[in-house]
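Summary of the model geometry
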Amino acid sequence: MLELRQIKYFLVLAQELNFSRAAERLFITQPPLTRQIQQLEEHLGVQLFLRNNKSVTLTVAGKSFLEEAQKIMAMVQQSESRTRLVSEGKIGVLNIGIFGSAIFNDIPQLLLTFRTHYPEVNIGLYQMSKSEQINALRTKEITIGFNRRLPVEQDIMVETVYFEPMIVAIHANSELAQYEKIHCKHLQDVPIILYPNATRPSFADTVIALLRNNKVDVQYTQEAPDVVTAIALVSSGFGACIAPESASRIELPNVLYRQIDVSPQPTVELACLYRRGDDNPILHNFLEIIREYSQHKNNAN
């Protein structure tokens, strides 16, 4: 069997064309070098070097093998380098599950920071509901997901990224437009648009709990699948919608955004979820970015 050590010895000898100098470069004595070259020639069934008392030269077969040996060693070095990069989480693929409003909050900044640190990692983004993310984690279709109001699962780890303030989206022609801040009591008898309309518990339950805790009878005329649809319904005059602050980046005709005048300021968490015990180095690098970002954001607040 061809050994990498023999190829390495051959390459050094082919460069030096002198057994003594080649042995010095390899930090061995001359007899082991001679023995390895002889074994290599026996294995290949050809003579690689012409030897006499004055010189060592490559044969035609030796020159041909030199080209192949250089390719082999280049591939080995590339494989070694790639393996180290993989073990360090610097190359590979990071598949991420996101939900409707996720792209409007700080997730793009997290992705940009990660891409800056690990430019050779390919990032895949997949729009998924909460249950779809959990299933995709279990089948290893994604490595990590982002969502809210996550259930407790034995095989899934959940970490809070940050708490985002909640706001109210209203129609510009509604009576609510007169208020700079909107107290929950102002929403009494106002049709409330809720989202998402699947996979409970969800953000919709957070909104219902907020209104009920402030003694507002929850009345809603429409449930929407996501925040964009909900804000579009506000634009069409269907009612008001309580949403995370990041939703205010959605600009649609006749939609105004107001702070909620309640103390303490109502918030909703954004969390990441991933497989318990996952030793993927890319995941751990991404989690480090998330934790640093979360700490910075909390300190800023």
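The text that follows walks through the structure, step by step, so that each part is easy to find.

Criteria and thresholds
- Residues numbered from 1 in each chain as written.
- Predicted model: local features only at pLDDT ≥ 70, side-chain atom pairs only at ≥ 80, totals over all residues.
- Heavy atoms only, no water.
- Helix = DSSP H or I, 4+ residues; strand = E, 2+ residues; numbered from the N terminus.
- Rg over C-alpha atoms; globule rule 2.2 N^0.38 Å.
- Buried < 20%, exposed > 50% of the residue type's maximum accessible area, 1.4 Å probe, protein only.
- Areas by Shrake-Rupley, 256 points an atom, 1.4 Å probe, with all protein chains shown as cover.
- Lys, Arg positive; Asp, Glu negative; His and termini not counted.
- Charge placed at Lys NZ, Arg CZ, Asp CG, Glu CD.
- Core = buried A, V, L, I, M, F, W, Y, C linked by side-chain atoms within 4.5 Å.
- Contact = heavy atoms within 4.5 Å.

With that settled, the discussion passes to the overall build of the chain. When its secondary structure is counted, the chain shows nine helices and twelve strands. At 32 Å, the chain has a C-alpha radius of gyration far larger than the 19 Å of a compact globule built from 301 residues. C-alpha atoms of the chain, sized along the principal axes, occupy 105 × 35 × 35 Å. Looking at the 301 residues of the chain, the share that counts as buried comes to 43%. For the chain, the exposed area adds up to about 16400 Å²; of that, 49% sits on carbon and sulfur atoms. In the chain, the 29 positive side-chain charges and the 32 negative ones have mean positions that sit 7 Å from each other.

Residues Leu187, Cys241 and Ile242 are the most contacted members of the largest nonpolar core, which totals 36 residues. The element best represented in this core is helix 7 (residues 203–213), accounting for six residues. In this structure, Cys241 is in contact with Ile167, Val168, Ala169, Ile193, Tyr195, Ala230, Ile231 and Val234, ignoring residues within four places of it in sequence. Counting 24 residues, the second largest nonpolar core, distinct from the first, contains Ile96, Phe114, Tyr118 and Ile290.

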